[in-house]
Amino acid sequence: QVQLVESGGGLVQAGGSLRLSCAASGLTFSRYAMGWFRQAPGKEREFVAAITKFSLRTYYTDSVKGRFTISKDSAQNTGYLQMNSLKPEDTAIYYCAADPNIVELTTTPVSPDYWGQGTQVTVSS
């Protein structure tokens, strides 16, 4: 059974940092691209970042470029989203997702094979 489990969310002041983790089980992580998405209250889920299966290329939505960094450690079967200079508008539930094909994470409508359950990130002003 495949599982993606996010952790690392919490409450942080504006300007602070958090690192989200996505622990994968039941799949060979090196064969999967990984992405992070977020959904704020009353808004649709949106793409945040993605990384190809061998970590050769990364993708970011414009609003997080220069502040967020996506990475993955296939040996640990874990993906990460380092979030710096957080803003109140970054407040959302953050979800990780995995798919063998990066296109399924970066092209609308996204349709990755697997989703995590989400972790709440709250940034206070």
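Structural data are supplied above this passage.
Residues numbered from 1 in each chain as written. Predicted model: local features only at pLDDT ≥ 70, side-chain atom pairs only at ≥ 80, totals over all residues. Heavy atoms only, no water.

**Q** Report on the sheet that holds strand β3 (residues 18-25), specifying residues and quantitative values.
**A** If you walk across this open sheet you meet the four strands as β1-β3-β8-β7, and the pairing is antiparallel. Either end of the sheet is taken by a strand with one partner, and the two such strands are β1 (3-7) and β7 (68-73). Shown here is a sheet whose adjacent strand axes are inclined to one another by a mean of 15°, direction ignored. Bridge count for β1 against β3 is five bridges, and the pairing is antiparallel. From the neighbouring strand, E6 faces β3, where its bridge partner is C22. (Pairing = 2+ DSSP bridges. Helix = DSSP H or I, 4+ residues; strand = E, 2+ residues; numbered from the N terminus. Axes fitted to C-alpha atoms, helices over the stretch in contact; angles between N-to-C directions.)

**Q** Describe the environment of F54, and please don't skip the residues or the numbers.
**A** Note on placement: F54 falls in the loop between β5 (46-51) and β6 (58-60). In sequence terms F54 and S74 are 20 residues apart; their C-alpha atoms lie 8.6 Å from each other.

**Q** Let's hear about the environment of P109: which residues, and what values?
**A** Relative to the assigned elements, P109 resides in the loop between α1 (103-106) and β10 (114-115). Residue classification places P109 among the exposed residues on the basis of a relative accessible area of 66%. Distance in space between the C-alpha atoms of P109 and L20 is 24 Å, their sequence separation being 89 residues. (Buried < 20%, exposed > 50% of the residue type's maximum accessible area, 1.4 Å probe, protein only.)

**Q** Break down the pattern of salt bridges for me, citing the residues and quoting the values.
**A** On inspection of all chains with the given rule, the structure shows four salt bridges. Note that R38 is salt-bridged to E46, the shortest N-O span being 2.6 Å. On the accessibility criterion, R38 (5% relative accessible area) is buried. Across the salt bridge formed by R67 and D90, the nearest N and O atoms sit 2.8 Å from each other. With R67 in the loop between β6 and β7 and D90 in the loop between β8 (78-83) and β9 (92-99), this residue pair connects regions lying 23 residues apart in the sequence. Residue classification places R67 among the buried positions, given a relative accessible area of 10%. Members of the salt-bridge network, linked through shared partners, are R38, E46, R67 and D90. (Salt bridge = Lys/Arg side-chain N within 4 Å of Asp/Glu carboxyl O.)

**Q** Mind laying out the state of the cysteines, listing which residues take part and the relevant values?
**A** Overall, the coordinates contain one disulfide when judged by the stated rule. Disulfide pairing is shown between C22 and C96; the S-S distance is 2.1 Å. Since a negative S-S torsion denotes a left-handed disulfide, the C22-C96 link at about 60° is right-handed. Pair noted here: C22 is in strand β3 and C96 is in strand β9, with a separation of 74 residues, a long-range link. Like C22, the residue C96 is buried in the burial classification. (Disulfide = S-S within 2.5 Å.)

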